[in-house]
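# Summary of structural features
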Amino acid sequence: GFKEDFESWRSSLTPEERKMVQNQATGEYNKKFRKSPEFSKNLPDEKLKSFANILGKFFDTEAADYKKELERKVPNYNQLLEKAGDK
């Protein structure tokens, strides 16, 4: 599932990369940090692509679950007529 994929991706990060991602997440809403060069740094392309694949799988699964949920929640609009017809 997503958790296992994310954990394996996260374990592939070097300690420096992990620290950089943590600092960027912590300083996300700090205007001064957002203007610093550290905020503009990115992970290597292969790690970004693998993370994008993991997120893609996650969203595909969520979309499928959402569609299944909608199918289950569609009410039977004729149920009232059917009950009235049974009497």
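Here is a short report on the structure shown in this document. The model shown is predicted, which means the values in this text are computed figures rather than measured ones. (Residues numbered from 1 in each chain as written. Predicted model: local features only at pLDDT ≥ 70, side-chain atom pairs only at ≥ 80, totals over all residues. Heavy atoms only, no water.)

### Quick word on the packing of aromatic side chains
All told, the structure shown has seven aromatic pairs when counted by the stated rule. Among the aromatic residues, those joined into a ring-pair cluster are Phe-2, Phe-6, Trp-9, Phe-51, Phe-58 and Phe-59. (Phe/Tyr/Trp six-rings, centres within 6.5 Å; stacked < 30°, edge-to-face > 60°.)

### Notes on the nonpolar core
Trp-9, Leu-13, Met-20, Leu-43 and Ile-54 together form the largest nonpolar core, which totals five residues. Among residues more than four places away in sequence, those in contact with Trp-9 are Leu-43, Lys-47, Ser-50, Phe-51 and Ile-54. (Core = buried A, V, L, I, M, F, W, Y, C linked by side-chain atoms within 4.5 Å. Buried < 20%, exposed > 50% of the residue type's maximum accessible area, 1.4 Å probe, protein only. Contact = heavy atoms within 4.5 Å.)

### Comments concerning the environment of Lys-3
Counting through the fold element by element, Lys-3 comes out in helix H1 (residues 2–11). Owing to a relative accessible area of 61%, Lys-3 belongs among the exposed residues under this scheme. Along the chain, Lys-3 and Ile-54 lie 51 residues apart, while their C-alpha atoms are 9.6 Å from each other. (Helix = DSSP H or I, 4+ residues; strand = E, 2+ residues; numbered from the N terminus.)

### As for the side chain of Lys-47
Within the secondary structure, Lys-47 sits in helix H5 (residues 45–73). With residues up to four places along the chain from it excluded, the contact list for Lys-47 reads Trp-9, Ser-12, Leu-13, Thr-14 and Glu-17.

### Some points on the packing of H1 against H5
The geometry of a pair of packed helices is captured by two quantities: the angle between their axes and the separation between those axes. Orientation of H1 relative to H5, taken along the N-to-C sense of each, is 170°, at an axis distance of 10 Å. The angle between H1 and H5 places the two elements in the roughly antiparallel class. Facing Phe-2, Asp-5, Phe-6 and Trp-9 of H1, the residues of H5 in contact are Lys-47, Ser-50, Phe-51, Ile-54, Leu-55, Lys-57 and Phe-58. Among the residues forming the contact of H1 with H5, the class breakdown is seven nonpolar, one polar and three charged. (Axes fitted to C-alpha atoms, helices over the stretch in contact; angles between N-to-C directions. Parallel < 35°, antiparallel > 145°, perpendicular 65-115°, else oblique. Nonpolar A, V, L, I, M, F, W, Y, C, P; charged D, E, K, R; others polar.)

### Overview of the pattern of salt bridges
By the definition in use, this model includes four salt bridges. In this structure, Lys-47 and Glu-17 form a salt bridge, with 2.5 Å as the shortest nitrogen-oxygen distance. Of this pair, Lys-47 sits in helix H5 while Glu-17 sits in helix H2 (residues 15–26), and the two are 30 residues apart along the sequence. By the burial criterion, Lys-47 is buried, and Glu-17 matches it. Between Glu-69 and Arg-72 there is a salt bridge, with the nearest N and O atoms lying 3.7 Å from each other. Of this pair, Glu-69 and Arg-72 both sit in helix H5, three residues apart, which is roughly one turn of the helix. For Glu-69, a relative accessible area of 33% translates into the label partly exposed. Residue classification places Arg-72 among the exposed positions, given a relative accessible area of 64%. (Salt bridge = Lys/Arg side-chain N within 4 Å of Asp/Glu carboxyl O.)

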